[in-house]
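# Remarks on the overall topology
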Protein chains: 2
Amino acid sequence: MQEAQQAVLKNESPQAETIAVPLAARLGDPLSAVDTPSLILDLDAFEENLRTMQVLAERHGVALRPHGKAHKCPEIALRQIALGATGICCQKVSEAVPFVAAGVRDILISNEVVGPAKLALLARLAKQAHMTVCVDHPRAAQALSATMVEYQASIKVLVELDVGQKRCGVQTPDEAIALIQLVQKLPNISFAGVQAYHGGLQHKRSLEQRQKAAEKAVRLVRQYLRAFAKAGITCPVVSGGGTGSAVFDVASQVYTEIQAGTYAFMDTDYAGIDWGEAVSFRHSLFLLGTVMSTPTPERAVVDLGLKSTSAESGVPLIMDHEGLRCVAVHDEHSILQADSRRNRPDVGAQLRLIPAHCDPTFNLHDSVVAVRGQYVEAIWPISARGLSR
Amino acid sequence: MQEAQQAVLKNESPQAETIAVPLAARLGDPLSAVDTPSLILDLDAFEENLRTMQVLAERHGVALRPHGKAHKCPEIALRQIALGATGICCQKVSEAVPFVAAGVRDILISNEVVGPAKLALLARLAKQAHMTVCVDHPRAAQALSATMVEYQASIKVLVELDVGQKRCGVQTPDEAIALIQLVQKLPNISFAGVQAYHGGLQHKRSLEQRQKAAEKAVRLVRQYLRAFAKAGITCPVVSGGGTGSAVFDVASQVYTEIQAGTYAFMDTDYAGIDWGEAVSFRHSLFLLGTVMSTPTPERAVVDLGLKSTSAESGVPLIMDHEGLRCVAVHDEHSILQADSRRNRPDVGAQLRLIPAHCDPTFNLHDSVVAVRGQYVEAIWPISARGLSR
């Protein structure tokens, strides 16, 4: 031990190599050479998904404003916009920073913003891009206006309506009208419309249930719009909708833009729902893992867990492997159970797993490895990863 | 719109400010000035927890090797080692890189390592620090030895035993002995002992159940040790144990070192268990959030969700607020339900929340804000965040 200690001390001389974590992949590498765990994007499926949703929105004359919170990756947003998206949503102000830096010029912060640091950052962003933000409280509107005046900036405002999500948003048309009238009076902020997003209905399993829930939300929005019209309020924008309800939202004649995010990637949350025949999206996003242990004839352990895949919505799904399922996700392991020795992969085998929930899974990775067929075509930084302020 | 577009284009001239995300806190700031969501460490509670576990281990002559996967923060590891910890564990090879860079000189990779990229990195680390790694498969031992020979490095090996976790590890004493004898024959790797970690028993609620489960694991380890003795194998190290079973593990006369991690922080997973009178740890880790919406008299929405706190083990616990509980965690929101208007915090109120599971929660943040009382004393980078390869 003494000798080993001395050897190490010798290695600590100024000549000692500074070790950096090697990259997981290089451009042109075959997928089989990518180190694991890695987040992989199948570009063919991804691009088809982008086109499918863009065509669906355009066919109904509705704008597509994809949600940046789903991927936090400016390279992806630029491709969505190039195909015709009107801009993007971000859920947090800091999240918008790398998208603005990458050239995105129209961002809706689809959320309430509270506190002087966040409002100041929002004002600075509003001097570089067309920013819109949600409010659901008079004090929030006043603080927003005061900050915009201070920074000589201006911003558009959507009043958020609670259409069944039971999260943020005003509760009644009267409350909405009072808030809109306040927004219209305050300097440097302008009323642009409403946000009416219902996250809860997105994952209802049956197409019929989802349609009913979406229609219920739309009926509620119509009540608000009628009350606005009576009060002489013009409401140009109705923003909302998601991947699960998009097919109904675009046809609702209420929504002017839809905020879908997951459609580009899909996950097990959405994979389980019935899509009917109207539209479908492919799995473009997966985790690449390596079997690191096979302690029993039916058990395999793969080298990724909670730190690579979000598991609050369930365990990941294994692709292209019959008779093998994930039974538990630990911090850095997932436990796989095979129905027979024949279906248990060996140590060293690479596996592809579909994450349960793509948004928080993207947020665990610094980059996504974009593959075309079996080869690495690009490595895109997930620049807004961790930006939750 | 045309005019606004032109104004923005003007702002895009080379003089346009490049916006960076501002820091959440500065040294000396009061806690109330820290931007949210932020991960906060109460230094008084943290330091007391470090001392409590160190004293517990030393009283029984057992080494403490805290788990770096719990915090991924070299500043924390250095404080654990300064108090007497023998080194740290890491769960992944890449995770060890920032700890070695920070000067940690004794690291157990408490896990199997598969694949040439990971083995090469491990070999390079082994030339700068005393590295130990687990194996549970003959091919893994052979690949490890071959890589160490190639890099002219050497490494110690623990054979992992499955003592009830049903994850990795050999299943029988015969399998262990064959693997140990192989390790002893191979060049540049040396057998140092066994890892016998049982994660599943750590969170059993009652002290008595936990004691029984810990004793069962210890009995199994003793069977292995007796078989090793018969085969003439000396086993210097028995590594394992965790926060929940530490009080039994240190007294077991089997474990030579314990791998606890959460003891320094605590989380709701561990908060719910019965500690008895032997030892107790304080909550030192919490999330700071701001109420961003109060849509109804009993509902408040706080500005942190799945991207700031791991929720696969449950919702976070609200500190110091009677009659208020978290009922749902979305990507960037947590929904709080008050039992009355009086107990519902107002928009702008700061709240402290205890995460459900500290390890994956640390992995969501780039830094932890260390506070002494009500003031920011340090901001420590979570340098191994995202390093899961």
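Residues numbered from 1 in each chain as written. Chains lettered and ligands numbered in written order. Predicted model: local features only at pLDDT ≥ 70, side-chain atom pairs only at ≥ 80, totals over all residues.

### Notes on the overall build of chain A
- Helix and strand counts for chain A stand at 11 helices and 17 strands.
- Each principal axis of the C-alpha distribution contributes one length, and for chain A these read about 80 × 55 × 35 Å.
- The buried share of chain A, taken over its 389 residues, is 53%.
- The long-range fraction of contacts in chain A, counting pairs at least 24 apart against all pairs at least 6 apart in sequence, stands at 66%. (Helix = DSSP H or I, 4+ residues; strand = E, 2+ residues; numbered from the N terminus. Buried ≥ 20, exposed ≤ 12 C-beta atoms within 10 Å, placed from the backbone. Contact = placed C-beta atoms within 7 Å.)

### With respect to the sheet that holds strand β6 (residues 155-160) of chain A
Residues and elements named next belong to chain A.
- One open sheet holds the 8 strands; their spatial order is β2-β9-β8-β7-β6-β5-β4-β3, and the pairing between them is parallel. Because the sheet does not close on itself, it has two edges, and the strands there are β2 (63-64) and β3 (88-90).
- Pairing analysis gives 2 bridges linking strand β8 (residues 237-240) to strand β9 (residues 257-258), with the strands arranged parallel. Bridge pairing in β9 links G240 to I258. (Pairing = 2+ DSSP bridges.)

### Some details on the relation of the copies chain A and chain B
- Superposition of chain A onto chain B requires a rotation of 180 degrees combined with a translation of 0.0 Å along the rotation axis, giving an RMSD of 0.0 Å. Here the symmetry operator amounts to a two-fold rotation axis. Relative to the rotation axis, the closest C-alpha in chain A is found at E312 of chain A, a distance of 2.0 Å.
- Both copies contact each other with a shared surface, as 99% of the interface residues of chain A are interface residues in chain B too. (Least-squares fit on C-alpha atoms with pLDDT ≥ 70 in both.)

### Let's talk about the confidence of the model for chain A
Residues and elements named next belong to chain A.
- On average, chain A scores 94 in pLDDT, and the residues at 70 or more come to 96%.
- In this model residues 1-11 is a low-confidence stretch, pLDDT under 50, and it forms 8 contacts with partners more than four residues away in sequence or in other chains.
- As a predicted assembly, this complex carries a pTM of 0.95 together with an ipTM value of 0.94. (pLDDT = per-residue confidence, 0-100.)

### Overview of the domain arrangement of chain A
Residues and elements named next belong to chain A.
- Domain annotation for chain A reports domain 1 (31-40 + 282-381) and domain 2 (43-265).
- In this assembly, 14 residues from domain 1 lie in contact with 17 residues from domain 2.
- Every element with two or more residues in the side of domain 1 that touches domain 2 is listed here: α11 (358-362), β16 (367-372) and β17 (375-381).
- If one sorts the elements of the side of domain 1 that touches domain 2 by residue count, β16 sits on top with 4 residues. (Domains from an automatic or database assignment.)

### Regarding the sheet that holds strand β9 (residues 257-258) of chain B
Residues and elements named next belong to chain B.
- Ordered in space as β2-β9-β8-β7-β6-β5-β4-β3, the 8 strands form an open sheet in which the pairing is parallel. The sheet is open, and its two edges are formed by β2 (63-64) and β3 (88-90), each paired on a single side.
- Across 4 bridges, strand β7 (residues 189-196) lies against strand β8 (residues 237-240) in parallel orientation. For G193, the partnering residue across the bridge sits in β8 and is V237.

### Section: the nonpolar core
- Counting 237 residues, the largest nonpolar core has I109 and L122 of chain A together with I109 and L122 of chain B as its most contacted members.
- Apart from residues no more than four positions distant in its own chain, L122 of chain B is found in contact with V93, I109, V113, M131 and V133 of chain B. (Core = buried A, V, L, I, M, F, W, Y, C linked by C-beta atoms within 7 Å.)

### Let's talk about the environment of A85 of chain B
Residue and element names in this part refer to chain B.
- Structurally, the position occupied by A85 is in the loop between α3 (74-82) and β3.
- On the basis of neighbour counts, which here come to 22 C-beta atoms within 10 Å, the residue A85 falls in the buried class.
- Between the alpha carbons of A85 and I258 there is a distance of 10.0 Å; along the sequence they are 173 residues apart.

### Let's talk about helix α4 (residues 93-101) of chain B
Residue and element names in this part refer to chain B.
- Buried residues dominate α4, accounting for 8 of its 9 residues.
- Residues V93, S94, E95, A96, V97, P98, F99 and V100 constitute the buried set of α4.
- Of the surrounding secondary structure, the elements contacted by the buried residues of α4 are α3, β3, β4 (106-112) and α5 (116-126).
- Trailing α4 by a residue or two, G103 shows a phi angle of about 110 degrees, which is positive.

### Brief notes about the environment of V170 of chain B
Residue and element names in this part refer to chain B.
- Note on placement: V170 falls in the loop between β6 (155-160) and α7 (173-185).
- By C-beta crowding, V170 is classed as buried, having 23 other C-beta atoms within 10 Å.
- When neighbours within four sequence positions are excluded, V170 is seen to be in contact with D136, V159, E160, L161, D162, E175, A176 and L179.

### Things to note about the interface of chain A and chain B
- At the interface, 74 residues of chain A touch 73 residues of chain B.
- Elements with a contribution of two residues or more to the side of chain A that touches chain B: α1 (2-11), α4 (93-101), β4 (106-112), α5 (116-126), α6 (138-150), β10 (285-296) and α11 of chain A.
- Ranked by residues supplied to the side of chain A that touches chain B, first place goes to β10 of chain A with 5 residues.
- Its residues placed into classes, the side of chain A that touches chain B shows 29 nonpolar, 25 polar and 20 charged. (Nonpolar A, V, L, I, M, F, W, Y, C, P; charged D, E, K, R; others polar.)

### Thoughts on helix α8 (residues 207-230) of chain A
Residues and elements named next belong to chain A.
- For α8, with 24 residues, the first-to-last C-alpha span of 34 Å sits near the 34 Å given by 1.5 Å per residue.
- Of the positions making up α8, those classed as buried are R210, A214, A217, V218, V221 and Y224.
- Looking at the buried positions of α8, the neighbouring elements they touch are α7 (173-185), β7 (189-196), β8 and α9 (246-249).
- At the C-terminal side of α8, G232 shows a positive phi close to 75 degrees. (Expected span 1.5 Å × (residues − 1).)

### Some remarks on the pairing of strand β16 (residues 367-372) of chain B
All names here are of chain B.
- Among the 6 residues in β16, 5 count as buried, and that is most of the element.
- With 3 bridges connecting them, strand β1 (residues 38-42) and β16 associate as parallel partners. Opposite L41, over in β16, you have A370 as the bridge partner.
- Here 6 bridges tie β16 to strand β17 (residues 375-381), and the two strands are oriented antiparallel to one another. By the bridge assignment, V371 is partnered in β17 with V376.
- Hairpin connection from β16 to β17: 2 residues lie between these consecutive antiparallel strands, with G373 at a positive phi of about 60 degrees.

### Quick notes on the packing of α7 of chain B against helix α8 (residues 207-230) of chain B
Residues and elements named next belong to chain B.
- At their nearest, the axes of α7 and α8 sit 10 Å apart, and the two run at 50 degrees to each other. Between α7 and α8, the crossing angle belongs to the class labelled oblique. Handedness of the crossing formed by α7 with α8: right-handed. Facing P173, A176 and I177 of α7, the residues of α8 in contact are Q223, Y224, A227 and F228.
- Each residue belonging to the contact of α7 with α8 can be placed in one class, and the counts come to 6 nonpolar, 1 polar and no charged. (Axes fitted to C-alpha atoms, helices over the stretch in contact; angles between N-to-C directions. Parallel < 35°, antiparallel > 145°, perpendicular 65-115°, else oblique. Left-handed = near helix turned anticlockwise from the far one by under 90°.)

### So, the environment of R325 of chain B
- Inspection of the secondary structure assignment puts R325 of chain B in strand β13 (residues 324-329).
- If we skip the residues at most four places from it in the chain, R325 of chain B touches I318, L336 and Q337 of chain B.

### A word on unusual backbone geometry
- Going from T36 of chain A to P37 of chain A, the amide bond is cis rather than trans, its omega being -5 degrees.
- Within the secondary structure layout, P37 of chain A lies in the loop between α1 and β1 (38-42).
- Despite not being glycine, K166 of chain B has its phi angle at roughly 55 degrees, a positive value.
- With respect to the helices and strands, K166 of chain B occurs in the loop between β6 and α7.

### Things to note about the packing of α5 of chain A against α6 of chain A
Residue and element names in this part refer to chain A.
- Axis separation between α5 and α6 bottoms out at 9 Å; the angle between their running directions is 55 degrees. If you check the angle between α5 and α6, you find them oblique. Crossing of α5 against α6: the hand is right-handed. Between α5, through L119, A120, A123 and A126, and α6, the contact on the second element is made entirely by A143, L144, T147 and M148.
- The residue inventory of the contact of α5 with α6, partitioned by class, reads 7 nonpolar, 1 polar and no charged.

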